[in-house]
Protein chains: 2
Amino acid sequence: MRVLGVDPGLTRCGVGVVEGAPGRALRMLACGVVRTPAELEVADRLLQIERGLEAWFDTHRPELVAVERVFAQHNVRTVMGTAQASAVAMLVATRRGIPVTLHTPSEVKAAVTGSGRAEKAQVGAMVTRILRLDAPPKPADAADALALAICHIWRGTASQRIAAAVASTRAREYRP
Amino acid sequence: MRVLGVDPGLTRCGVGVVEGAPGRALRMLACGVVRTPAELEVADRLLQIERGLEAWFDTHRPELVAVERVFAQHNVRTVMGTAQASAVAMLVATRRGIPVTLHTPSEVKAAVTGSGRAEKAQVGAMVTRILRLDAPPKPADAADALALAICHIWRGTASQRIAAAVASTRAREYRP
């Protein structure tokens, strides 16, 4: 499956595309950021993010999209912009009929490093290792977007396995 | 000028269209809400809001759009949804090349009641009076959207007057 991860932000919106199948090695197809200038009005920045993301979707045709779930943290102004950028990412995907899943930062960190409290550098290092890259992807927003895509493939696999196990148990229980 | 006001929200997104010119009586063209069911995923709700707003824009062809500026308040979960719904409203307008202005709740209250701390009922009463309606528009989100549109027309007029005054002063200063 091909997953596009989005680390939403008004100034830098990280994007990463990962392809992989359950139990096989994952492969990075591309990563980068959609940037918008801080001098612009928010409405214009959101439009630029929409256009930038549309181009990523057109080029890479993802089957699934993973977006970071935004929480209200310390910096309230930043959080608003992040929430708005994430809304644009969700819209672009849903308009194309592509399923969107939200993952919290802790879920992503735990998926790629084993700890929900890992530092940014550790996430970058693990993304580099998992995708067998020569160097950590830059900027960090691009690495975070790849981590989201990896998290989604791995968590999806786990929940698919659990669902399959439940289904097979039920099938056995109901066998006459 | 014809202004579409949007009081953003995931559950109820208020919309109100007001037509008016500086110094003349204002007229309500329409008001209502775009609703989305709480059971849906956020991404699907945002898509429904986009479609709902597109229909309002198609029907009423506003020249200007006023959206409530979202602040982080007490209820953090609600604020996130509000920020995301406002992003959709800004996108729909900007994509059509329609200028968007954000007004804070206090600016809107002050514009229609004279006090930035007015209660919701007072805003509804003044919207009813200003637009010469038979009864306060319901739900309150629709009344708030109309208040936003009124605020925009009145504030716009004031700032246009100031801009015109500044321009004429400059013109006089630079006269040889």
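Every chain's residues receive numbers from 1 upward, in the order its sequence appears when written. Following the order in which they are written, the chains are lettered starting with A and the ligands numbered starting with 1. With pLDDT at 70 or above as the cut-off, local features in this predicted model cover only qualifying residues; side-chain atom pairs require 80 or more to be listed or tallied, and sums for whole chains, interfaces and linings still use all residues. As a convention, hydrogens and water are excluded, and side-chain values are obtained from all of the structure's heavy atoms.

An unreviewed UniProt entry lists chain A under the name Crossover junction endodeoxyribonuclease RuvC, with Streptacidiphilus monticola as the source organism. UniProt positions are given in the numbering used here, feature names are shortened, and annotations may be inferred rather than shown by experiment. Recorded under Catalytic activity (unreviewed entry), the UniProt text for chain A is reproduced unchanged: "Endonucleolytic cleavage at a junction such as a reciprocal single-stranded crossover between two homologous DNA duplexes (Holliday junction)." According to UniProt, the comment filed for chain A under the heading Subcellular location (unreviewed entry) is "Cytoplasm".

Caption draft 1: Spatial organisation of the overall build of chain A. For helices the rule is a DSSP run of H or I covering at least 4 residues; for strands it is a run of E covering at least 2, with both sets numbered from the N terminus onward. In terms of helices and strands, chain A carries 5 helices and 5 strands. A contact between two residues is defined here by any heavy atoms of the two lying within 4.5 Å. Once local pairs closer than 6 in sequence are excluded, the contacts in chain A between residues at least 24 apart make up 62%.

Caption draft 2: View of the UniProt feature "binding site: Mg(2+) 2" (unreviewed entry) in chain A. Mapped onto this numbering, the UniProt entry annotates "binding site: Mg(2+) 2" (unreviewed entry) at Glu 68 of chain A. Here Glu 68 of chain A shows up in strand S4 (residues 64–68).

Caption draft 3: Up close: unusual backbone geometry. With omega at -5°, the peptide bond leading from Lys 138 of chain A into Pro 139 of chain A counts as cis. As for its position among the elements, Pro 139 of chain A is in the loop between helix H4 (120–130) and helix H5 (140–173). At Arg 132 of chain A, a residue that is not glycine, the phi angle is positive and equals roughly 50°. Within the secondary structure layout, Arg 132 of chain A lies in the loop between H4 and H5. You will see that Arg 61 of chain B, though not glycine, has its phi angle at about 40°, which is positive. Assignment of secondary structure puts Arg 61 of chain B in the loop between helix H1 (42–60) and strand S4 (64–68).

Caption draft 4: Just the sheet that holds strand S2 (residues 12–19) of chain B, in detail. All names here are of chain B. For two strands to be treated as a pair, DSSP must find no fewer than two bridges joining them. Taken together, 5 strands build an open sheet; the order of strands is S3-S2-S1-S4-S5 and the sheet is mixed. Since the sheet does not close on itself, it has two edges, and those belong to strand S3 (27–35) and strand S5 (100–103), each with one partner. Shown here is a sheet whose adjacent strand axes are inclined to one another by a mean of 20°, direction ignored. Where strand S1 (residues 2–7) and S2 come together, 6 bridges link them in antiparallel fashion. Its bridge partner being in S2, Leu 4 is matched across the sheet by Val 17. Helix axes are fitted only over the stretch in contact, all axes being lines through C-alpha atoms; the angle between N-to-C directions runs from 0 to 180 degrees.

Caption draft 5: Representation of the relation of the copies chain A and chain B. Mapping chain A onto chain B calls for a screw motion: a turn of 180° about the axis and a shift of 0.0 Å along it, with 0.0 Å RMSD after fitting. Between the two chains, the operation in question is that of a two-fold axis. Closest approach to the rotation axis among the C-alpha atoms of chain A is made by Gln 84 of chain A, whose C-alpha sits 2.4 Å away. The share of interface residues of chain A whose copies in chain B are also at the interface is 100%, consistent with both copies meeting through the same surface. For the least-squares superposition of copies, only C-alpha atoms count, and only for residues with pLDDT at least 70 in both.

Caption draft 6: Structural view of the packing of helix H3 (residues 105–113) of chain A against H4 of chain A. All names here are of chain A. Where H3 contacts H4, the axes come no closer than 9 Å and their chain directions differ by 50°. Classified by the angle between their axes, H3 and H4 sit oblique to one another. Crossing geometry of H3 relative to H4 is assigned as left-handed. Residues Lys 109, Val 112 and Thr 113 of H3 form the contact with H4, whose own contacting residues are Gln 122, Val 123, Met 126 and Ile 130. For the contact of H3 with H4, a count of residues per class yields 4 nonpolar, 2 polar and 1 charged. When describing relative orientation, an angle under 35 degrees is termed roughly parallel and one over 145 degrees roughly antiparallel, while 65 to 115 degrees is termed roughly perpendicular and anything else oblique. Should the near helix be turned anticlockwise from the far one by less than a right angle, the crossing is left-handed, and should it be turned clockwise, the crossing is right-handed. Residues are grouped as follows: nonpolar covers Ala, Val, Leu, Ile, Met, Phe, Trp, Tyr, Cys and Pro; charged covers Asp, Glu, Lys and Arg; every other residue, Gly included, is treated as polar.

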